[in-house]
Amino acid sequence: MFLEKRPEKLIDKKGLRTDGRKPDELRPIKFEVGVLGNADGSARVQQGKTIILAAVYGPREVHPRHLALPDRAVLRCRYHMAPFSVSRRKSPAPSRREMELSKVIREALEPAIFLERYPRTSIDLFIEVLQADGGTRCASISVASLALADAGIPMRDLVAACAAGKVDGKLVVDLNDVEDKYGEADVPIAMMVGLNAVTLLQMDGMLDPKEFRTALNMAVEGCRQIYEMQKEALKEKYALIREELEK
Amino acid sequence: MTLYFERRDLVVPGDLLAEGDYTAGENTYKVDDKIYATHVGLMEVKNNTVYVIALHSFYVPKVGDLVIGKVVDISLGGWVVDINAPYLAMLKASDVFGKSFKPFKDDLSKVFDVGDLILAKVIAYDRTRNPLLTVKEPGLGKITRGRIVSITPAKVPRVIGKKGSMINLLKQGTKCQITVGMNGLVLVIGKRPENEVLCVRAIKKIERESHVSGLTDRIAEMLRKEAEK
Amino acid sequence: MRTLIANIKRKKLVQLISEGKRSDGRDLMEYRPIVIERGIIEKAEGSARVKLGETEVAVGVKIEVERPFEDTPDQGILTVNAELVPLASPTFEPGPPDENAIELARVVDRGIRSAEAIDLKELCIIPGEKVFTVFVDIYVLNHDGNLIDASAMCALAALLDTKMFGYEVKGGEVVIKEDERHPLPIKNHPVSITFAKLGDELVVDPSLEEEQLMDVRLTMTVEDSGKICAIQKGGSGFLTLEEIDKALSVVVDKAEEIRKLVVG
């Protein structure tokens, strides 16, 4: 066990952040699709030090049955952090935070899925945070969206998510853990980028309306970049086979 | 009228495929005059219809489909069958016993027991009720030998090929009897185990490589090389 | 739990709203009548009841001495909990808080915490050893929509009503002085404003009927100086950037209007 301390400065003299990034720079992001054998769809993301796995099962019969809806599929989402994902062991029992995040992540993805096509079924989405270093809700949404597409579930668009916030008085994008903890504000959003539709919007901390608008625009720009990476990741598996065979 | 991709380009959900006076086909949707993809797949255009050949999908039952299923439960009136679809299928006892079926006398498990694999046909399905199966036609019923290969249902048409060209190639090249369930389960019966192994390998190769052109040639080549061994 | 609404009613409501009217006669940006009562529970250190139209919420504040969290040894603790009591709606069931109750509590909590409404440093007794914990328990008594705003108003009213005990430290032990009371140190007054998107329009303070029809709910919490201190989108629809901007353009004034009612 070790406890992190607040760094003296979150932004240095050169205007760089604790991990050397510029204010509008995302962490390095790597998506992989189809990483789990049993799931109908799966994906993995590493975003900075944050590592998350997402798996989709379904559409399938709903258990217990009374949860089934007569006119559409239910999306069930479980966001969960591994006990070893944070500096201090986290109890594996779902916390209130995890329950809230499960709900907002589900609501961020629902608009993208044609749920009405498969009444009385469930689509079950399991998200496991293996290592948490800030931005896990956004990374979860981005990676879950890939797992859903990998499962062949019909979707209106991919959902990309990214946060912007304020640290040491400066607006920055894609906050890491210390920036999230010791910063002044955090605005996570999710978007169906191609349709210009915001499906997650939260904020904590304090921003005046002008700062909020700027932060929102920065997060939107972050989503656009992540959206392109998502598309590449979905194609990669097939593109690699194509490359190999056409050699 | 604009197309934003070339034919057979790899597309993903949300990709804007076309704008204008096109019809939205399979695995796409239309908002105003814009057509978007709903699946990962290859874009195609035929007679002004824009559609996507999905590379991965789950099985949605259609009336008339031949399917391979597993008996997972027996109820008073019939068998509950997992056909690899979002909904469990039903095979009614009367389908086997006819009108003379007596719920308290006839032992359903003697016909098909839990865990048995069956070859069946979908005779009714409309999304409001679970799919209904029959085993009454010749060739249908309990599967007693061979092995099952599972592929994504999206690739079933590729295993069959145009007018059955691919499956005939496989049958000849592997000397196996092949029954393709539309739900992505394929039954392979060979005289010798090595024939079955080769057939399974070929089917898996089709599943993996079908989005790259020249598939038939590659499969023919693979089978020829094996024959030379 | 989803409640089904007749299709014809949905059509009518959306039609009305697109004409700038609502089924109960309100303007799109108008709240239902608000009644606030403080000090309704004598045994609680602070309490309040809010009626927002037919929606009714009670909040009780209790204060206890506890160990501080390791990462904030010199600060008191704020804990917000919400109960969707079964008597408040046919859709509420007994049992541990479900995701709706948890979300409600966490959104109210976020507003109070981000705005630093309570001076938690003032609640430290012995750093690293003993601090006061402020328990804010939200009790929903009748659900007719917009539980978030009703609960946030009620929580703020109850905190303003809260009287802390005096204390002294004797030999490392905290001794409470029952006869000495002083108000909780409140520095800021966060007010939440909740919008519902119905068709292409935004309305504030959705009734239950409107909530059942809405695509999206959007809550923005505003503190005294006009800064935004919490946001939460809910529901399985989406918002456009223009809609977010529209909400932002009215929310500060609206919050000021509600704050006057709550703070008095």
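Refer to the structure presented above.
Residues numbered from 1 in each chain as written. Chains lettered and ligands numbered in written order. Predicted model: local features only at pLDDT ≥ 70, side-chain atom pairs only at ≥ 80, totals over all residues. Heavy atoms only, no water.

S.K.: Before we go on, may I ask you to explain the interface of chain A and chain B in this structure?
M.R.: Quite often, the size of an interface is put as the accessible area lost when its parts meet. Contacts between the two partners involve 33 residues from chain A and, on the opposite side, 32 residues from chain B. Counting the surface lost from both chain A and chain B, the interface buries some 2800 Å², and carbon and sulfur atoms represent 57% of this. Contact with chain B buries surface across chain A, with Arg120, Tyr238 and Arg242 of chain A losing the most and accounting together for 22% of the total. Counting across the interface, chain A meets chain B through 2 salt bridges. With a shortest N-O distance of 2.5 Å, Lys231 of chain A and Asp15 of chain B are connected by a salt bridge. Remark: the boundary between chain A and chain B carries 15 residue pairs in polar contact (both at pLDDT 80 or more). When residues of the side of chain A that touches chain B are traced back to their parent elements, those giving at least two are strand 3 (50–61), helix 2 (136–150) and helix 4 (209–246) of chain A. (Contact = heavy atoms within 4.5 Å. Buried area = accessible area lost by both parts, 1.4 Å probe. Salt bridge = Lys/Arg side-chain N within 4 Å of Asp/Glu carboxyl O. Polar contact = N/O pair within 3.5 Å; in protein donor to acceptor, adjacent residues only side chain to side chain. Helix = DSSP H or I, 4+ residues; strand = E, 2+ residues; numbered from the N terminus.)

S.K.: Help me understand the pattern of salt bridges in this model?
M.R.: Once their charged atoms are close, side chains differing in charge can pair, the charge on each being opposite to the other. Going through the model one piece at a time under the given rule, you end up with 60 salt bridges over all chains. Here Arg76 of chain A ties to Asp124 of chain A by a salt bridge, and the two come within 2.8 Å at their closest N and O atoms. On the criterion of sequence distance, the pair formed by Arg76 of chain A in strand 4 (residues 74–81) and Asp124 of chain A in strand 5 (residues 121–131) is long-range, its members being 48 residues apart. Residue Arg113 of chain C is joined to Asp109 of chain C by a salt bridge in which the shortest nitrogen-to-oxygen separation is 2.8 Å.

S.K.: Explanation requested: the interface of chain A and chain C in the structure shown.
M.R.: Tallying the contact residues gives 35 residues for chain A and 39 residues for chain C. Summed over both sides, the interface between chain A and chain C buries roughly 3200 Å², with carbon and sulfur atoms accounting for 56% of that surface. When the buried surface of chain A facing chain C is broken down by residue, Arg96, Leu201 and Met206 of chain A rank first, second and third, together holding 21% of it. In this structure, the connection of chain A to chain C is made through 6 salt bridges. Between Lys103 of chain A and Glu103 of chain C there is a salt bridge; the shortest N-O distance is 2.6 Å. Between the two partners, chain A and chain C, sit 19 residue pairs in polar contact (both at pLDDT 80 or more). Residue assignment for the side of chain A that touches chain C shows that the elements contributing at least two residues are helix 1 (96–109), strand 9 (197–207) and helix 4 of chain A. Among the elements that line the side of chain A that touches chain C, the one with the most residues is strand 9 of chain A, at 11 residues. By residue class, the composition of the side of chain A that touches chain C is 18 nonpolar, 4 polar and 13 charged. Alignment of strand 9 of chain A against strand 12 (residues 228–234) of chain C, held across 4 bridges, turns out to be antiparallel. Bridge pairing links Gln202 of chain A to Gln232 of chain C in strand 12 of chain C. (Nonpolar A, V, L, I, M, F, W, Y, C, P; charged D, E, K, R; others polar. Pairing = 2+ DSSP bridges.)

S.K.: What exactly am I supposed to notice about the environment of Asp119 of chain C here?
M.R.: Residue and element names in this part refer to chain C. Locating Asp119 in the fold gives a position in the loop between helix 2 (99–114) and strand 5 (124–126). Sequence separation between Asp119 and Asp200 is 81 residues; the distance between their C-alpha atoms is 41 Å. Not counting chain neighbours up to four residues away, the residues in contact with Asp119 comprise Pro185 and Lys187.

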